[in-house]
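Each chain, letter by letter, is given below.
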Amino acid sequence: MSTESNRSPFARLRSRVFARSGALLAAETALVYLFLYVPIVVLIALSFNDSRYALVWQGFTTEWYEALLAGETVARVNPDAAWSALVHSVEIALVTVVVSVVFGTMLAFALDRYEFPGKALFTGVVYMPIIIPSIVMGISLLLFFNIVGMTLGLHTAAIGHIAFDISFVAIVVLARLQSFDRTLEEAAKDLGANELETFRHVTLPLLKPGIMAGALLAFAMSFDDFVVTFFIIGNQNTLPIFFFSMVRQGITPGVNVVAALIIVVTMGIVAVAQWFEGPIW
Amino acid sequence: MASEHNTRERGEPRSALLGRIRRNRWTGLLVNVTPSAVWLFLFFLVPLAVMFYYSFGQRGAFGEVLVAPEYLGLQQYRLFFVPDDASVFEAIWFTVAWVVEAVLPFGIELAAGEPTPYVQLTLKSIGFGLVATLVAFVVGYPVAYYVGRVAPEEYQDLLLVLIILPFWASFLVRIYAIQILLSGNSVLTNALGFLPWFQAGQSLMNSRFAVLVGLVYIWIPFMILPVYASIEEIDFTLREAAMDLGATRFQAFRRVVFPLSMPGVVAGSLLVFIPSTGAYVIPDLLGGTDSQMIGNFIANQFGAAGNWPLGAAGSFTLMGIMLLAIAIYQRYGSADLA
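Residues numbered from 1 in each chain as written. Chains lettered and ligands numbered in written order. Predicted model: local features only at pLDDT ≥ 70, side-chain atom pairs only at ≥ 80, totals over all residues. Heavy atoms only, no water.

1. Looking at the overall build of chain B
For step 1, the next point in the chain: What chain B contains, in helices and strands, is 15 helices and two strands.
For step 2, the next point in the chain: Here the C-alpha radius of gyration of chain B, 26 Å, is well above what a compact globule of 338 residues would show, namely 20 Å.
For step 3, the next point in the chain: Taken along the three principal axes of its C-alpha coordinates, chain B extends 90 × 70 × 45 Å.
For step 4, the next point in the chain: Looking at chain B residue by residue over its 338 residues, the buried ones come to 51%.
For step 5, the next point in the chain: Pairs at least 24 apart in sequence give 60% of the contacts found in chain B among residues at least 6 apart.
For step 6, the next point in the chain: When the accessible surface of chain B is split by element, carbon and sulfur atoms take 64% of a total near 16300 Å².
For step 7, the next point in the chain: Both charge centroids of chain B, one from 18 positive and one from 22 negative side chains, sit 11 Å from each other. (Helix = DSSP H or I, 4+ residues; strand = E, 2+ residues; numbered from the N terminus. Rg over C-alpha atoms; globule rule 2.2 N^0.38 Å. Buried < 20%, exposed > 50% of the residue type's maximum accessible area, 1.4 Å probe, protein only. Contact = heavy atoms within 4.5 Å. Areas by Shrake-Rupley, 256 points an atom, 1.4 Å probe, with all protein chains shown as cover. Lys, Arg positive; Asp, Glu negative; His and termini not counted. Charge placed at Lys NZ, Arg CZ, Asp CG, Glu CD.)

2. Remarks on helix 5 (residues 88–103) of chain B
For step 1, the next point in the chain: Helix length check: helix 5 of chain B (16 residues) gives 23 Å between terminal C-alpha atoms against 22 Å at 1.5 Å per residue, within 8%.
For step 2, the next point in the chain: Where helix 5 of chain B is buried, its residues meet helix 4 (75–81) and helix 6 (117–150) of chain B. (Expected span 1.5 Å × (residues − 1).)

3. Thoughts on the interface of chain B and chain A
For step 1, the next point in the chain: Listed as interface residues are 90 residues of chain B and, on the opposing side, 89 residues of chain A.
For step 2, the next point in the chain: A combined buried area of about 8200 Å² lies between chain B and chain A, and 82% of that area is made up of carbon and sulfur atoms.
For step 3, the next point in the chain: Of all residues in chain B, Trp39, Trp168 and Tyr176 of chain B give up the largest surface area on contact with chain A, accounting jointly for 10% of the area buried on that side.
For step 4, the next point in the chain: Linking chain B to chain A there are one salt bridge.
For step 5, the next point in the chain: Here aspartate 284 of chain B ties to arginine 248 of chain A by a salt bridge, and the two come within 2.6 Å at their closest N and O atoms.
For step 6, the next point in the chain: For the pair chain B and chain A, the number of links is nine residue pairs in polar contact (both at pLDDT 80 or more).
For step 7, the next point in the chain: With 20 residues, helix 3 (residues 27–54) of chain B is the largest single contributor of residues to the side of chain B that touches chain A. (Buried area = accessible area lost by both parts, 1.4 Å probe. Salt bridge = Lys/Arg side-chain N within 4 Å of Asp/Glu carboxyl O. Polar contact = N/O pair within 3.5 Å; in protein donor to acceptor, adjacent residues only side chain to side chain.)

4. Looking at the side chain of threonine 122 of chain B
For step 1, the next point in the chain: Along the polypeptide, threonine 122 of chain B turns up in helix 6.
For step 2, the next point in the chain: Among the residues examined, threonine 122 of chain B registers a relative accessible area of 7% and is labelled buried.

5. Remarks on helix 14 (residues 294–302) of chain B
Every α-helix carries 3.6 residues per turn, so stepping three or four residues along brings you back to the same face.
For step 1, the next point in the chain: Taking burial as the measure, the nine residues of helix 14 of chain B include eight buried ones, the bulk of the element.
For step 2, the next point in the chain: Within the span of helix 14 of chain B, buried status applies to Ile294, Gly295, Asn296, Phe297, Ile298, Ala299, Gln301 and Phe302 of chain B.

6. Quick look at empty space enclosed by the protein
For step 1, the next point in the chain: Throughout the structure, instances matching the rule amount to four cavities of 30 Å³ or more.
For step 2, the next point in the chain: Lining the second largest cavity we find Phe223, Asp224, Leu239, Pro240, Phe243 and Ile262 of chain A together with Ser170, Leu172 and Val173 of chain B.
For step 3, the next point in the chain: Secondary-structure elements contributing two or more residues to the lining of the second largest cavity are helix 10 (195–224) and helix 12 (239–249) of chain A together with helix 8 (171–182) of chain B.
For step 4, the next point in the chain: The biggest single contributor to the lining of the second largest cavity is helix 12 of chain A, with three residues.
For step 5, the next point in the chain: Of the residues belonging to the lining of the second largest cavity, the class tally is seven nonpolar, one polar and one charged. (1 Å grid on protein atoms, 1.4 Å probe; cavity = no way out; pocket = protein on both sides within 12 Å on 5 of 7 lines; lining within 4 Å. Points joined across faces, edges and corners; volume = space filled by probe spheres on them. Nonpolar A, V, L, I, M, F, W, Y, C, P; charged D, E, K, R; others polar.)

7. A few points about the nonpolar core
For step 1, the next point in the chain: Core analysis: the biggest nonpolar cluster contains 182 residues, and Ile135 and Phe243 of chain A together with Tyr176, Val281 and Ile282 of chain B have the highest contact counts within it.
For step 2, the next point in the chain: In terms of residues, this core owes the most to one element, helix 10 (residues 208–233) of chain B, which gives 16 residues.
For step 3, the next point in the chain: In this structure, phenylalanine 243 of chain A is in contact with Val255, Val258, Ala259 and Ile262 of chain A together with Leu172, Val173 and Tyr176 of chain B, ignoring residues within four places of it in sequence.
For step 4, the next point in the chain: In this structure, Ala86, Ala91, Phe94 and Ala97 of chain B belong to the second largest nonpolar core, which totals six residues. (Core = buried A, V, L, I, M, F, W, Y, C linked by side-chain atoms within 4.5 Å.)

All we've got here are geometric facts, nothing functional implied.
Listed below in structure tokens is the structure:
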């Protein structure tokens, strides 16, 4: 340790930190997990809070849930409006998932199996909807629908969602395709399978996890999208838009209950999906 | 595919033509690419082009949008970037000087004027993006290192899932959760009362701090995941070798491990910087009047302020920042996005 004494105090501190790196890293990691989960836990806890306004704990009650699920309006949250917004969200998400999974998977095949002039540029365009800020995408679609004279509504929202979800699906499926052993397909054909049979019994089963992950991602992206939808849905509501307008009015037990329900349901669905598929993304 | 196959087996004359079409090497490509290409062209590229066109338009005296050819010009960009009665050169100098003045701690005056409020807002948004990225890096890198390297093998998948899980939970609900924690009299603000300069129960909302917390909270998984992917791939015998050759732990990390994890760091920084700079909802819900960002400005121009051409010019300025960031990424990074 004699060499350490002629180093600067900072260097000595540094080497001591690095010597205990395992414990420090574990502590820091634990703090980050706390940071990620404490807000969610507090939110869910406050939805059971027996107080109309306060943000501090006043006792346990399920009163707000009971009232909302019984169809009573709780502190500015109208259950009918919430329900119809939820139905709209699901409708848009289902249409979006079907179209973007089919189109996106085909696109992934094209990008994986063909070389064509302008492929790099085309791939760039495919990545762009993921990268550009959603506000730019939402507003440009608003201008476009305005110019071609399309009435805004659920259908325009679905069109916009498909435009960004195609890219997400294509990239997830493409990742799967690139680690795909093509000799399996050749083997199937050598053994007498025609193209359709090969696709049905070899290619598709191997791609399924990728396609499932893509579909789930597309559903989550569409279901959760606020910014793009906000500009192109006209005077219709989806759950995020309905929720946004509630949040802007302030924190109330009703909003807490809706928020807790949304978060428990979405995290539950994803947890189940990850149980089957392993980590997605 | 089914019908093509059947027609060939039935041996009708048509099948020869179909077979030829099907065997053509472009057919498969065209069939697979066309639906997505048409969709992306119509509902992504054309709208962007429309917006680009609008950014050269003007606003009429009664708030109407003038985009006929005779009105087109760079006036919105000039309004955006160049202060009244300043030259382009002066505008650039004012901008540079403004940034230097903001970064340097002492109150010096370098330039005779200031950049336009729009440029100030844009720079402020970039500042938010950079600080959020830096915080996400400083906080997220050790987590990625721990999960990828230190944590026991059998827990790695679980730890990863726990990082991804919040990303799948509703974005708006999580912002709302942050809002709850930062509000006056919340669990957190009351608990922070022991801090000497902090009065218990004081609201932290509607501030730059709140916006930054929101940005980091939402985007930190995007930093951790690519860094984790990079660290996972590193051959740690290289680190042992460095230490055998006399490097201290710190040197081995700085000279060997960290450079090898750079692709993940660059990818993660891009994935945090781009959405943070273009944020709209987070500053809207968590920020006050001094912490609105360029996304809010754009939305406002298309809403209450009703100046569509100026909003379009703002959008393309934001797009320019994104493209610049991606160009830097392609120059220095090599990991795949996402």
